[in-house]
Amino acid sequence: MVQHVIKLIITGVVFLSATIFASAQADSELPQYAEEQHLGVASCASGTCHGSVNTRKGTAIAQNEYVIWSKRDRHRIAYQTLLTAESKQIARKLGLKNAHEAKMCLDCHADNVALNQRGKKFQLDDGIGCEACHGGAEKYISIHIDRNASRAETLQAGLYPTDDPHARARLCLSCHMGTAKKMASHDIMGAGHPRVTFELDSFGVLQPAHYVVDADYSEAKWHGSSVELWSIGQLESARQTLHLIRDRLKSRGLFPELALFDCHACHHSMADKKWAASDRSDLPPGSVRLNDANFVMLIAIAGVVDPGKGRQIKAALKQLHTSVANGDDVAKGINRLMKLINAVDGKLESQDLGAMSSKLAASVVRLAASGKLKDYVSAEQAVLAIDMLLGVTSDRSRYARWLDTVYKTLEDENNFEPARFIRTMKKYAG
Ligand code: HEC
Ligand code: HEC
Ligand code: HEC
Ligand code: HEC
């Protein structure tokens, strides 16, 4: 019964935001590119608004969001990161004057809106402030506290729908993966930038979250289990990967954008000799493979909710790997995969994913144990998934020691040993 009501709320909210944000897929909907003024963190931080030191009881929100963000959230220090020796080094290698004034870096490490959209209290060195995620507050600041204003009105006034999991994923991914306009490209990584990776559910916990999904929250907003968030995150990551391949594959000259590929396809010792055939591509030894880690999880999800679609995604992905490697037109392959992703997306809403957690966990472990995730990036996504799924099925404490040994296999990505990973995965059942 409760489940049923929740499903109704979910469908209602998703439908609402889907009509308002029909074109949310476009970059222009993201807080950085929307038209509203950004008033600055100081406009949100007063003690009576979001800057309460203690958690407020009896109010719709805890009001301590600013304190959590300023003390524990790395987004707070994202701009300061641009002043470190590491960033100076990266900037120097890229021939930039410095990192903290370079659009290339600020687009992801601050709320880098256009100059004429910065209000009086706006400070670039606040880093990734409230409005970088929640949207410029110019129009909604006065109405978002008004109980008479509907959520739809507030959204129309520029509040970004962070509670809609699809929109939230696109927001996070815009910096944690990249878009047509900004990306941690291989040029930037070649200069020393860390590899970026993302998983919606676990990164949402790690951020750390400054919201609590309690009864009030559940009534007012979308909320779903970790499995739902994870699945939607994987769907959106797969979509974003395809957008990036479409927009970014052809960079310049001889080579495509290398950051779209599995880093360790190139970056490993020649003594490794670890090449093996893969069931996700028909590429011969010596080929450079796309980073398809999010598709691996998507195939696992589809395998449980719609096995036929899972097989079709796998076939379409093989095709895409081949066309990228051959330098063929990739548009057809991308469209085919987009359609399949949309079909799985359409199915997700009607599924009780929570009830499928055990099955999903077992299927991801099986994939890993059978040696199908030999590349670091897909092993990493698998482990994040297994950790989350065991949490949902309440088996996490029983598997805690095993999980520790699993995480150890991922500790050093430069010396990742697929054989050890597989051996560890095989111990799951025991
Ligand atoms: C405007 C770009 C931007 C957006 C939007 C964004 N992030 Fe980030 N995020 C960053 C940057 C840059 C860092 C690294 C900050 C630093 O350490 O200097 C980061 C760091 C993090 C970290 C810490 C990672 C670590 O290794 O400790 C987590 C977790 C995280 N983000 C989660 C999220 C989630 C969840 C969302 C969406 C709700 C999100 N981010 C949206 C840019 C962004
Ligand atoms: C597409 C978005 C994006 C761009 C562009 C980008 N970064 Fe980052 N950067 C990130 C994210 C996301 C992280 C956090 C990665 C993680 O921990 O998962 C990060 C992490 C870092 C870190 C490591 C921080 C730490 O303490 O771990 C440094 C240093 C850094 N970035 C510097 C730069 C510099 C300098 C530039 C410009 C040349 C730049 N970044 C451009 C998104 C970006
Ligand atoms: C990296 C992205 C990000 C940043 C930066 C960020 N938030 Fe959030 N915020 C979220 C997400 C995701 C949620 C959860 C979804 C939702 O409820 O909209 C959220 C939720 C909230 C909520 C709703 C809490 C509830 O219980 O309903 C408030 C209020 C809020 N944030 C205020 C702030 C304030 C104030 C700041 C700045 C000090 C801030 N946020 C910075 C992403 C962010
Ligand atoms: C197609 C092969 C290929 C792929 C895929 C690739 N790289 Fe590279 N990478 C190179 C080459 C070639 C260089 C230049 C090496 C040199 O100058 O010695 C390089 C240089 C680098 C360097 C600088 C190393 C140094 O010695 O200064 C870093 C760091 C790096 N890549 C990270 C990455 C990351 C992270 C990824 C994945 C997102 C990645 N690369 C994907 C081929 C690749």
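What counts as what
- Residues numbered from 1 in each chain as written.
- Chains lettered and ligands numbered in written order.
- Predicted model: local features only at pLDDT ≥ 70, side-chain atom pairs only at ≥ 80, totals over all residues.
- Heavy atoms only, no water.
- Helix = DSSP H or I, 4+ residues; strand = E, 2+ residues; numbered from the N terminus.
- Buried < 20%, exposed > 50% of the residue type's maximum accessible area, 1.4 Å probe, protein only.
- 1 Å grid on protein atoms, 1.4 Å probe; cavity = no way out; pocket = protein on both sides within 12 Å on 5 of 7 lines; lining within 4 Å.
- Points joined across faces, edges and corners; volume = space filled by probe spheres on them.
- Nonpolar A, V, L, I, M, F, W, Y, C, P; charged D, E, K, R; others polar.
- Axes fitted to C-alpha atoms, helices over the stretch in contact; angles between N-to-C directions.
- Parallel < 35°, antiparallel > 145°, perpendicular 65-115°, else oblique.
- Left-handed = near helix turned anticlockwise from the far one by under 90°.
- Contact = heavy atoms within 4.5 Å.
- Donors = N, O, S within 2.8 Å, 3.2 Å for Na, K, Ca; no water.
- Near = heavy atom within 4 Å.
- Polar contact = N/O pair within 3.5 Å; in protein donor to acceptor, adjacent residues only side chain to side chain.
- Domains from an automatic or database assignment.
- Core = buried A, V, L, I, M, F, W, Y, C linked by side-chain atoms within 4.5 Å.

1. Some thoughts on unusual backbone geometry
A cis amide bond links Gln 207 to the next residue, Pro 208, at an omega of 0°. The residue Pro 208 is located in the loop between α10 (200-206) and α11 (215-220) in this model. Here the phi dihedral of Lys 273 falls at roughly 45°; this positive angle occurs in a residue that is not glycine. By the element assignment, Lys 273 lies in the loop between α13 (263-266) and α14 (293-305). Positive phi values are uncommon outside glycine, yet Ser 394 reaches one of about 60°. Structurally, the position occupied by Ser 394 is in the loop between α18 (376-392) and α19 (400-410). For Ser 394, a relative accessible area of 61% corresponds to the exposed category.

2. Overview of empty space enclosed by the protein
Over the atoms, a rolled probe matching the size of one water molecule traces out where space is still vacant. Scanning the entire structure with this criterion turns up three cavities of 30 Å³ or more. When its volume is computed, the largest cavity comes out at roughly 360 Å³. Surrounding the largest cavity, 22 residues form its lining, Met 177, Val 196, Thr 197, Ala 259 and Asn 291 being those nearest its centre. Taken together, the residues that form the lining of the largest cavity break down as 14 nonpolar, six polar and two charged.

3. Remarks on the packing of helix α17 (residues 357-369) against α18
Axis separation between α17 and α18 bottoms out at 9 Å; the angle between their running directions is 150°. On the basis of the axis angle, α17 is roughly antiparallel to α18. In the packing of α17 onto α18, the handedness of the crossing is left-handed. Here Ser 357, Leu 360, Ala 361, Val 364 and Val 365 of α17 lie close against α18, whose contacting residues are Ala 382, Ile 386, Leu 389 and Val 392.

4. Some thoughts on the coordination of the iron atom of ligand 3
The coordination sphere of the iron atom of ligand 3 contains the protein donors His 134 (NE2) and His 210 (NE2), at a distance range of 2.0 Å. By relative accessible area, which is 19% here, His 210 ends up buried.

5. Examining the site of ligand 1
The environment of ligand 1 is formed by 17 residues, the closest being His 75, Thr 81, Cys 172, Cys 175 and His 176. Between His 75 and ligand 1, the recorded distance is 2.8 Å, taken from a side-chain N or O atom to a nitrogen atom. Within the side chain of His 176, a nitrogen or oxygen atom sits 2.8 Å from a nitrogen atom of ligand 1. Contributions of two or more residues to the shell around ligand 1 are made by α3 (78-81), α5 (103-109), α8 (165-176) and α10. Considering only residue class, the shell around ligand 1 consists of nine nonpolar, six polar and two charged. Two domains each provide a minimum of three residues to the shell around ligand 1, namely domain 1 (1-30 + 161-430) and domain 2 (33-159).

6. Overview of the nonpolar core
Grouped together as the largest cluster of nonpolar side chains are 71 residues, with contacts concentrated most on Phe 295, Ile 313, Leu 320, Trp 402 and Met 425. The element contributing the most residues to this core is α14, with 10 residues. Here Ile 313 is in contact with Phe 295, Leu 298, Ile 299, Ala 302, Leu 337, Leu 340 and Val 344, once residues within four sequence places are set aside. Counting residues in hydrophobic clusters, the runner-up holds eight residues, among them Tyr 79, Ala 91, Ala 99 and Leu 106.

7. Some thoughts on the layout of surface pockets
In this structure, the second largest pocket encloses a volume near 700 Å³. Along its surface, the second largest pocket is lined by 33 residues, and Ala 265, Lys 274, Trp 275, Ala 276 and Arg 289 are the ones closest to its centre. Grouping the amino acids of the lining of the second largest pocket by side-chain chemistry returns 13 nonpolar, nine polar and 11 charged.

8. Structural notes on the site of ligand 2
Arg 74, Cys 105, Cys 108, His 109 and His 193 are the nearest of the 19 residues found near ligand 2. Arg 74 places a polar side-chain atom, nitrogen or oxygen, 3.1 Å from an oxygen atom of ligand 2. Here a nitrogen atom of ligand 2 and a side-chain polar atom of His 109 are 2.9 Å apart. Of all the secondary-structure elements, those providing two or more residues to the shell around ligand 2 are α4 (85-94), α5 and α8. Counted by class, the shell around ligand 2 contains 12 nonpolar, five polar and two charged residues. Composition of the shell around ligand 2 by domain shows at least three residues from each of domain 1 (1-30 + 161-430) and domain 2 (33-159).

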